[in-house]
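In case you want the letters, here they are:
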Amino acid sequence: MNVELSNADLALRISQGDQEAEAEVCRRMAPRIQLYGLRHLRSSSAADDLVQQVLLTMLEALRAGRLRDSDRLPQFVLGICRMTVLGLRRSARRQERLLVEFGSDLVPDPAPSPMLDDDQLARCVQSLKERERSVVVLTFYNEQTAAETAAFLALSESNVRVIRYRAIRQLRTCMESTS
Amino acid sequence: MTPQHRRRPIACSNPVEADVLMDYWLALLPSSSEETVEEHLVTCDECGDRLREAIALAEGLRTLARSGSLQVVISDEFVKHAAESGQRVRAYAPPPGGSVQCTVAADDDLLVARLAADLSSATRVDLSWCTGEGIEFLRMADIPVRGDAGTVICQQSITMAKASPSNTLIARLVAVDAEEGERLLGEYAFHHTRTIPGPGRWEPS
């Protein structure tokens, strides 16, 4: 399959029964759907399940030629992601039924996750200023909001955000300079 | 981050800022900004890869924050949350000018020092860690404190504490003023007894 084909070309071919085009769209969209799932479902396995469900819904629609504007395939997929996550939240039972019914055949290999040197990260965090380190730990320990951290530090929320941005930038620089 | 994830030229014509990607992951964006980010991510694998880097960093930081291995000033809510989520928290609270006998067990997760002091008049507070002889070996400068808090909660590295031979540490809370210099707010001695098998003193590396 020519991976340079546009999304619109692929959508058209799928409506004509082209299975290679289906595989290419799945390969292209799966990592993006997985990211959406990670963000909203906070679990790798739940994100993988979302990939299955969204791809199935998308393929059904494309086969049936239900995508009106084929240039907007990514936005169509995003819409399915949003609806599916809403549905998953409404009904865990429905999720289980779909997974049993469709299995895992349509899930491509997951996108590789960047590796992190944990020891180096610890050294980089320890090199932060005290206030920055506290903000980072409080933010990431249980994803405390800026308001909660601000209350502890007697700072404004915007100050906490500035400290967090500065700290994370410094951590990125520290990790990149030593990797 | 692995070498292949080092900073590289961004080909995306409208890349999402790294700060915004991290806020997106932390669910800190307003909903309209979140929708804009998602509409971009569903079309851009490059920014998707950068989001994966942000996620890796966030997860690394979360793991590190939960490991108890950092020396950091934390909040009472942090300690409560740790205990409620099943972590074994060992806390010591020597009175100002006093001392406490302490240790750590193999299954402890967090080690916390609670240092009571009147912080109301201090504009900047340093936490100085000294040997039993009073020689400073670490200064945590300008620690985050609330003037009305009355207590500084400092997490000690549980990893270091578990490996530490029996010894005495002295913590000093010091108010620092550009004109008046330093003023002792409180001094606290921790007499640590090793209960986990190991060398009787630090081995030269």
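In this numbering scheme, every chain counts its residues from 1 along its sequence in written order. Each chain takes a letter, starting from A, and each ligand takes a number, starting from 1, following the order in which they are written. The model is predicted, so local features are restricted to residues of pLDDT at least 70 and side-chain atom pairs to those at 80 or more, both for listing and for counting; the totals for chains, interfaces and linings are taken over all residues.

Notes on the overall build of chain B
Next up, step 1: Across its full length, chain B holds five helices and nine strands.
Next up, step 2: Here a strand is any run of E in DSSP of at least two residues, a helix any run of H or I of at least four, and the numbering for each starts at the N terminus. Order of helices (α) and strands (β) in chain B, N terminus to C terminus: α-α-α-β-α-β-β-β-β-β-β-α-β-β.
Next up, step 3: Across its three principal axes, chain B shows a C-alpha extent of roughly 60 × 45 × 35 Å.
Next up, step 4: Here the contacts in chain B between residues at least 6 apart in sequence split such that 65% fall between residues at least 24 apart. Placing a C-beta atom from the backbone of each residue, one calls two residues in contact when those atoms lie within 7 Å.

Topic: unusual backbone geometry
Residue and element names in this part refer to chain A.
Next up, step 1: Backbone geometry places arginine 42, a non-glycine residue, at a positive phi of 60°.
Next up, step 2: Positionally, arginine 42 belongs in the loop between helix H2 (19-41) and helix H3 (44-63).
Next up, step 3: A count of 11 C-beta atoms within 10 Å places arginine 42 in the exposed class.
Next up, step 4: Positive phi is not limited to glycine here, since alanine 154 has a value of about 55°. With C-beta atoms placed from the backbone, a residue counts as buried when 20 or more other C-beta atoms lie within 10 Å of its own, as exposed when 12 or fewer do, and as partly exposed for counts between those limits.

Observations regarding the confidence of the model for chain A
Note: predicted coordinates in regions of low pLDDT should not be interpreted at a detailed level.
Next up, step 1: The quantity known as pLDDT measures the predictor's confidence residue by residue, on a range of 0 to 100. Of all residues in chain A, 84% have pLDDT values of 70 or greater, and the mean over the chain is 86.
Next up, step 2: Averaged over each element, pLDDT in chain A is lowest for helix H5 (residues 92-102) of chain A (61) and highest for H2 of chain A (95).

Examining the interface of chain A and chain B
Next up, step 1: Listed as interface residues are 43 residues of chain A and, on the opposing side, 48 residues of chain B.
Next up, step 2: Those elements that provide at least two residues to the side of chain A that touches chain B are H2, helix H4 (73-90), helix H6 (118-126), helix H7 (130-141), helix H8 (146-153) and helix H9 (157-178) of chain A.
Next up, step 3: Sorting elements by how many residues they give to the side of chain A that touches chain B places H7 of chain A first, with nine residues.
Next up, step 4: Per-class residue counts for the side of chain A that touches chain B are 27 nonpolar, six polar and ten charged. Under the scheme applied here, ten amino acids are nonpolar (Ala, Val, Leu, Ile, Met, Phe, Trp, Tyr, Cys and Pro), four are charged (Asp, Glu, Lys and Arg), and all others, including Gly, are polar.

As for the nonpolar core
Next up, step 1: Membership of the largest hydrophobic core comes to 92 residues, with the highest contact counts inside it found for Ile33, Val54, Val77 and Val137 of chain A together with Val152 of chain B.
Next up, step 2: Per-element tally for this core: the top contributor is H2 of chain A, with eight residues.
Next up, step 3: Leaving out residues up to four positions away in the same chain, isoleucine 33 of chain A has contacts with Leu50, Val51, Val54, Val77 and Cys81 of chain A. The term nonpolar core refers to a set of buried Ala, Val, Leu, Ile, Met, Phe, Trp, Tyr and Cys residues connected through C-beta atoms within 7 Å.

Focus on the pairing of strand E6 (residues 136-140) of chain B
All names here are of chain B.
Next up, step 1: A pair of strands is labelled paired if DSSP reports no fewer than 2 bridges between them. With four bridges connecting them, strand E5 (residues 125-131) and E6 associate as antiparallel partners. Note on E6: the bridge partner recorded for cysteine 130 is glutamate 136.
Next up, step 2: Between the end of E5 and the start of E6, which pair antiparallel, lie four residues, with glycine 134 showing a positive phi angle near 90°.

What to know about the pairing of strand E9 (residues 181-192) of chain B
Residue and element names in this part refer to chain B.
Next up, step 1: Judged from the four bridges that link them, strand E3 (residues 99-102) and E9 form a sheet pairing that is parallel. Looking at the pairing, valine 100 lines up with phenylalanine 190 of E9.
Next up, step 2: Relative to E9, strand E8 (residues 167-177) is paired through eleven bridges, and the arrangement is antiparallel. If you follow threonine 168 over to E9, its bridge partner there is histidine 191.
Next up, step 3: Turn length for the E8-E9 hairpin, with the two strands adjacent in sequence and antiparallel, is three residues.

Focus on the domain arrangement of chain A
Next up, step 1: What counts as a domain boundary in this text is fixed by an automatic or database domain assignment. When its domains are assigned, chain A resolves into domain 1 (7-102) and domain 2 (118-178).
Next up, step 2: Here the C-alpha centroids of domain 1 of chain A and domain 2 of chain A sit 36 Å apart.

Structural notes on the domain arrangement of chain B
Next up, step 1: Per the domain assignment, the segments of chain B are domain 1 (13-67) and domain 2 (72-192).
Next up, step 2: For domain 1 of chain B versus domain 2 of chain B, the distance between C-alpha centres works out to 34 Å.

Observations concerning helix H1 (residues 18-25) of chain B
Residues and elements named next belong to chain B.
Next up, step 1: Of all eight residues in H1, six are buried, a share of seventy percent or more.
Next up, step 2: The complete set of buried residues in H1 reads Val20, Leu21, Met22, Asp23, Tyr24 and Trp25.
Next up, step 3: Immediately downstream of H1, the backbone of alanine 27 shows phi near 60°, a positive value.

A word on the packing of H2 of chain A against helix H3 (residues 45-67) of chain B
Next up, step 1: Inter-axis angles, ranging from 0 to 180 degrees, are taken between N-to-C directions of lines fitted to C-alpha atoms, where helices are fitted over the stretch in contact. Two elements in contact, H2 of chain A and H3 of chain B, have axes separated by 10 Å at closest approach and are oriented at 35°. Handedness of the H2 of chain A/H3 of chain B crossing: left-handed. Residues Pro31, Arg32, Leu35 and Leu38 of chain A of H2 of chain A form the contact with H3 of chain B, whose own contacting residues are Asp45, Gly48, Leu51 and Ile55 of chain B.
Next up, step 2: When grouped by side-chain class, the residues that make up the contact of H2 of chain A with H3 of chain B number five nonpolar, one polar and two charged. Rotating anticlockwise by less than a right angle from the far helix to the near helix defines a left-handed crossing, while the corresponding clockwise rotation defines a right-handed one.

Details of the sheet that holds E9 of chain B
Note on sheets: strands pair through backbone hydrogen bonds, and any given pair is parallel or antiparallel.
Residue and element names in this part refer to chain B.
Next up, step 1: If you trace the five strands from one edge of the open sheet to the other, you get E3-E9-E8-E5-E6, paired in mixed fashion. Two strands in the sheet have a free side with no partner beyond their single neighbour: E3 and E6. Strand-to-strand twist across the sheet, computed as the mean angle between neighbouring axes with direction ignored, equals 25°.

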